Amino acid sequence: MRSSRKALNMIKYLILMLTFMCVVIEIIQIVVGAVLHRLFATYTVFIDNDFVRATHFLIAVGIVLVFLSIFGFAGIIFENVIMILLYAGMFGLIVILEIILASAAFSMYYRVDSMLTRRMNIVIQQFFSDSFMRASFNHMQNEMNCCGIQSYADWANFHPERDLPNSCCRRVDDGCMPHERGCHAPMSDFIGSRTHMIATGTVIIIVFQVICIVTAIIMGARLSKYKQQLRAAGMSPGPVTAPELIMTEKPKY
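Remember, it's a predicted structure, so these values are computed and weren't measured experimentally.

A.B. asks: Would you explain the packing of helix α2 (residues 49-77) against helix α3 (residues 81-109) in this entry?
C.D. replies: In helix packing, the relevant descriptors are the interaxial angle and the interaxial distance, both defined with respect to the helix axes. α3 packs onto α2 with a crossing angle of 165° between their chain directions and a minimal axis gap of 10 Å. Looking at the two axes, α2 sits roughly antiparallel to α3. For the pair α2 and α3, the sense of crossing is left-handed. Each residue belonging to the contact of α2 with α3 can be placed in one class, and the counts come to 21 nonpolar, 3 polar and 2 charged.

A.B. asks: Help me out: how do you make sense of the environment of asparagine 80 in this one?
C.D. replies: Residue position: asparagine 80 is located in the loop between α2 and α3. Overall, the relative accessible area of 30% leaves asparagine 80 in the partly exposed class. Residues asparagine 80 and glycine 220 lie 140 residues apart in sequence; the distance between their C-alpha atoms is 8.2 Å.

A.B. asks: Looking at this structure, how should I read the pattern of salt bridges?
C.D. replies: Pairing between side chains becomes possible if they bear opposite charge and their charged atoms approach one another. In this structure the tally under the stated criterion is 5 salt bridges. Of the charged contacts, one joins arginine 119 and aspartate 48 as a salt bridge, the two residues approaching to 3.1 Å between their closest N and O atoms. Taken as a pair, arginine 119 in helix α4 (residues 112-125) and aspartate 48 in the loop between α1 (2-42) and α2 lie far apart in primary sequence, 71 residues in all. Under the relative-accessibility criterion, aspartate 48 is labelled buried at 12%. Salt bridges sharing partners connect three or more residues here, namely Asp48, Asp50, Arg111, Arg118 and Arg119.

What counts and how
- Each chain carries its own residue numbering, running from 1 in the written order of its sequence.
- Given that the model is predicted, a residue must reach a pLDDT of at least 70 before its local features are reported, and side-chain atom pairs must reach 80 or more before they are shown or counted; all residues, however, enter totals for whole chains, interfaces and linings.
- As a rule here, side-chain values cover all heavy atoms of the structure and leave hydrogens and water aside.
- Think of each axis as a best-fit line through the C-alpha atoms, taken over the contacting stretch in the case of a helix, with angles from 0 to 180 degrees between the N-to-C directions.
- Strands are runs of DSSP state E lasting at least 2 residues, helices are runs of H or I lasting at least 4, and numbering of each runs from the N terminus.
- In what follows, roughly perpendicular refers to angles from 65 to 115 degrees, roughly parallel to angles under 35, roughly antiparallel to angles over 145, and oblique to any angle outside these ranges.
- Left-handed is the label given to a crossing in which the near helix is rotated counterclockwise from the far helix by less than a right angle, and right-handed is the label when the rotation is clockwise.
- The residue classification treats Ala, Val, Leu, Ile, Met, Phe, Trp, Tyr, Cys and Pro as nonpolar and Asp, Glu, Lys and Arg as charged. All others, Gly included, are polar.
- Relative accessibility under 20% of the residue-type maximum defines a buried residue, over 50% an exposed one, and the middle range a partly exposed one, all with a 1.4 Å probe and only protein chains included.
- For this analysis, a salt bridge means a side-chain nitrogen from Lys or Arg found within 4 Å of a carboxyl oxygen belonging to Asp or Glu.

Purely geometric stuff here, so don't read any function into it on its own.
Given below as structure tokens:
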């Protein structure tokens, strides 16, 4: 019985440590999701809505898992089998959703180039007619130090009667000297790297969470068996408490 309790305590402290690490990871996930959302929102006209929704999902899952981990903490500390198994089951459902997110993120990563080509063509066509499109394209050209889609020659193809916008120019002292590179390549690296970060980061988190789930299931099973042994021995199945002090002398009245 004593050896069973020692093994159970080892699993208990292990899963408490893993759950604490999980809370830290989920807080990091929330922060990363918020930062990526802000970055994607800056270039919202160039990316599809599912890229932004992926960051929303990342934040939402992180918040849910923080509260779920706190629930798991309580179940582990009070050695409640139902709470521990419920924690493992709900964690498993979240992991399934994260697997879907990771698969979607990898899929989005491989279509970044085609998405940017399609979106940039739409924006550059409406550059002079839509103020929001114009501001977005100017912001991109200023931030990425680029001009046009593939090169500055794109402006002559889409708007032959117009001069290059000032955001295209490296220098404007003696006329506009445009940036040589187009915006497609740097934007593809920018969006692609962050989408790949969501995909690979989610996979790493899933692996760690699976370890937490397996450990929780093992503890739940061990704890249930241990409590059954206590009941069979006629002892209380609750958490182990410190033994009562034995009185060494009779009370005086």
